Amino acid sequence: MRQVTVTRNTLETQITVTLNLDGSGQSRFDTGVPFFEHMLDQVARHGLFDLDIVAKGDLHIDAHHTVEDVGIALGQAFAKAIGDKKGIRRYGHSYVPLDEALSRVVIDLSGRPGLEYHCDYTRAVIGQFDVDLFGEFFRGFVNHAAVTLHIDNLRGKNAHHQAETIFKALGRALRMACEFDERMAGITPSTKGTLVG
């Protein structure tokens, strides 16, 4: 079982993430940031990951530290759960539409952090959520999962739909990259023989 629990405690946040890469899409969140939880649920559901996140942050200031640190802790959990990466597909991609919105996510479990994130949201706030914080989440995740992640919102007029297509596509791309490839059994999917750093 590729299942781990990671705890991250700072003066700003206290976070526990439990992740099962071979789950069924079950999730439970307690972060105090409802729209963010809605997006995380898309990753779990469409990635078929079991994901439990409890975060206590300085929400009396704003959601910045909570969202960023959840990204960091989730990245740490992902890196730990994926292990040596032998036998996995390594690459994943997905296009996801939602009405007028369409997003593409492509990921490489390369061992090297890299982020290209392109989305011109049609409004700055969804509900009470500042869309700038999505970038902080993705950077935290990428840097600590050590993955290369390309995110492109190709079109969209509704900011909720733009965000939701991105997170659904992230879940599906991660699922593809994490899956085992029978033809690669026991083999690291790299000519270098390693996918660490």
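Above this text sits the structure in question.
Residues numbered from 1 in each chain as written. Predicted model: local features only at pLDDT ≥ 70, side-chain atom pairs only at ≥ 80, totals over all residues. Heavy atoms only, no water.

Quick word on the packing of helix α2 (residues 64-82) against helix α3 (residues 132-145)
- It is at 7 Å that the axes of α2 and α3 come closest, and there the two elements cross at 25°. When the interaxial angle is binned, α2 and α3 end up roughly parallel. In this structure, α2 crosses over α3, and the sense of that crossing is right-handed. Counted together, His 64, Val 67, Glu 68, Val 70, Gly 71, Ile 72, Leu 74, Gly 75, Gln 76, Phe 78 and Ala 79 of α2 and Leu 133, Glu 136, Phe 137, Gly 140, Phe 141, His 144 and Ala 145 of α3 form the full contact between these two elements. (Axes fitted to C-alpha atoms, helices over the stretch in contact; angles between N-to-C directions. Helix = DSSP H or I, 4+ residues; strand = E, 2+ residues; numbered from the N terminus. Parallel < 35°, antiparallel > 145°, perpendicular 65-115°, else oblique. Left-handed = near helix turned anticlockwise from the far one by under 90°. Contact = heavy atoms within 4.5 Å.)

Some remarks on the sheet that holds strand β3 (residues 27-30)
- One open sheet accounts for 4 strands, arranged β1-β2-β4-β3; its pairing is mixed. With partners counted over all chains shown, the strands left at the sheet margins are β1 (3-9) and β3, one partner each. Averaged over neighbouring strand pairs, the angle between their axes works out to 5° when direction is ignored.
- Here strand β2 (residues 13-20) pairs with strand β4 (residues 50-57) via 8 bridges, running antiparallel. Across the sheet, the residue bridging to Ile 15 is Ala 55, located in β4.
- The sheet strands contacting helix α1 (residues 34-47) are β3 and β4, and the helix crosses β3 at an angle near 160°.
- Each of β1, β2 and β4 touches α2; the most contacted strand, β2, lies at about 35° to it. (Pairing = 2+ DSSP bridges.)

Focus: helix α4 (residues 159-178)
- Compared with the 28 Å implied by 1.5 Å per residue over 20 residues, the 29 Å span of α4 between its first and last C-alpha is a close match.
- Burial runs high along α4: 16 of the 20 residues are buried.
- If you check the start of α4, you find a side-chain oxygen 2.8 Å away from the backbone N of His 160, and it comes from Asn 158. (Expected span 1.5 Å × (residues − 1). Buried < 20%, exposed > 50% of the residue type's maximum accessible area, 1.4 Å probe, protein only. Polar contact = N/O pair within 3.5 Å; in protein donor to acceptor, adjacent residues only side chain to side chain.)

With respect to the side chain of Thr 66
- With respect to the element layout, Thr 66 can be found in helix α2.
- Thr 66 sits in the buried class, given a relative accessible area of 0%.
- With residues up to four places along the chain from it excluded, the contact list for Thr 66 reads Thr 13, Ile 15, Thr 31, Val 33, Ala 55, Gly 57, Asp 58 and Leu 59.

Notes on the pattern of salt bridges
- Counting across every chain of the model gives 12 salt bridges.
- For Glu 179, the salt bridge identified is with Arg 89, shortest N-O distance 3.5 Å. Separated by 90 residues along the polypeptide, Glu 179 in the segment after α4 and Arg 89 in the loop between α2 and β5 (91-98) bring together distant segments of the chain.
- With relative accessibility at 32%, the residue Glu 179 sits in the partly exposed group.
- Assessed through its relative accessible area of 37%, Arg 89 is described here as partly exposed.
- For Arg 90, the salt bridge is made with Asp 108, and the minimal N-O distance between the two is 2.6 Å. Pair noted here: Arg 90 is in the loop between α2 and β5 and Asp 108 is in strand β6 (residues 101-108), with a separation of 18 residues, a long-range link. In terms of burial, Arg 90 and Asp 108 fall into one category: buried. (Salt bridge = Lys/Arg side-chain N within 4 Å of Asp/Glu carboxyl O.)

A word on the pairing of strand β10 (residues 148-155)
- Where β6 and β10 come together, 7 bridges link them in antiparallel fashion. Note on β10: the bridge partner recorded for Leu 102 is Arg 155.
- Bridge analysis of strand β7 (residues 114-118) against β10 gives 5 bridges, and the strand direction is parallel. The partner of Tyr 117 across the bridge, within β10, is Ile 151.

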